[in-house]
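Remarks on the overall topology
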Amino acid sequence: NQPILLIGNNQGGIHVVDLAQKAEVKYLLAHTIGVFDLLFIPSKNEVVASGADGKLTVWDASDFRCKQEIQITNLKIRKMALSPDGSRLALACGDKIIRILNTNNFQVIAEIQGHNDAVNTIAFSPDSLYLLSGSKDAHLQVRSATDFELLHNIPAHNYAIYSIAYSANGEFFATGSRDKTIKIWDANSFEILHRFDATKNEGHKNSVNSIYWCGSSNILASVSDDQSAMLWKIDQL
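Residues numbered from 1 in each chain as written. Predicted model: local features only at pLDDT ≥ 70, side-chain atom pairs only at ≥ 80, totals over all residues. Heavy atoms only, no water.

For the rest of this paragraph, the subject is the sheet that holds strand E9 (residues 88-93). Spatial ordering of the open sheet is given by E8-E9-E10-E11, a layout of four strands whose pairing is antiparallel. Every interior strand has two partners, whereas the edge strands, strand E8 (77-82) and strand E11 (107-113), have only one. The mean angle between the axes of side-by-side strands here comes to 25°, regardless of whether they run parallel or antiparallel. In this structure, strand E10 (residues 97-102) lies alongside E11, joined through six bridges in antiparallel fashion. Bridge pairing in E11 links Ile100 to Ala110. (Pairing = 2+ DSSP bridges. Helix = DSSP H or I, 4+ residues; strand = E, 2+ residues; numbered from the N terminus. Axes fitted to C-alpha atoms, helices over the stretch in contact; angles between N-to-C directions.)

Attention now moves to the layout of surface pockets. In this structure, the largest pocket encloses a volume near 1200 Å³. Around the largest pocket sit 37 residues that line it, and Lys79, Met80, Ile164, Ile211 and Tyr212 are the ones nearest its centre. Secondary-structure elements contributing two or more residues to the lining of the largest pocket are strand E4 (35-41), E8, strand E12 (119-124), strand E16 (161-166), strand E20 (208-213) and strand E21 (219-224). Here the lining of the largest pocket is composed, by residue class, of 22 nonpolar, ten polar and five charged. (1 Å grid on protein atoms, 1.4 Å probe; cavity = no way out; pocket = protein on both sides within 12 Å on 5 of 7 lines; lining within 4 Å. Points joined across faces, edges and corners; volume = space filled by probe spheres on them. Nonpolar A, V, L, I, M, F, W, Y, C, P; charged D, E, K, R; others polar.)

Using the criterion set out here, one finds nine salt bridges in the structure. The closest approach of N and O atoms between Lys67 and Glu46, which form a salt bridge, is 2.6 Å. Here Glu46 lies in strand E5 (residues 46-51) and Lys67 lies in strand E7 (residues 66-71), a separation of 21 residues in the sequence. On the basis of relative accessible area, Lys67 is assigned to the partly exposed category, the value being 39%. Asp95 is paired through a salt bridge with Arg99; the nearest N and O atoms lie 2.9 Å apart. Accessibility expressed as a relative area gives 6% for Arg99, which makes it buried. Ionic contacts of the salt-bridge type, sharing partners, join the residues Lys44, Glu46 and Lys67 into one network. (Salt bridge = Lys/Arg side-chain N within 4 Å of Asp/Glu carboxyl O. Buried < 20%, exposed > 50% of the residue type's maximum accessible area, 1.4 Å probe, protein only.)

So, in structure tokens, the structure goes:
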């Protein structure tokens, strides 16, 4: 298989780039406005896109044929998360609702309400125990990934939480926020271990929009409205 990079844009398009050829090989247009997230489902060889139009589109990863379009909500779907076994897809929706879909047919099997504002980000823990969500209300919510019972409701940041990412070993996770900070958490106790900001750590000067653990390493990547990307070495990992 050729290495493929998918890039969503503000116009609702998806650029399909063949990294071996170093060239765009297809341009997919399925959303009316911005594409917020792209997710690959290995067991089905499918790519799912979510957008600001509140729609999901499902694509065959072999030929990038559109297989399904699903209108989920009238507001944005900023982030998606795939359960470790690949059977469920969680959606962070702008109408304050977390939706859980069955990946066999993309039917909604649960709607979870709890946040006081738009849900911006979502993540399953690697051990399948927890579902984490972050919201414009600045709270981090921890739920059972089995029955979605609320276990913790943590005022984690001063402003909206935009990203949640687990380390490869599942022992830690990170959150990034509009308050310009990145926080590293113990995944079992849900206690804060590190806080990175502009004042103490020469961190981001504007909203932290996305964070990503670099494979199995202890390196965390972050990108921001300040137009910078940063790499952080987390010593505890």
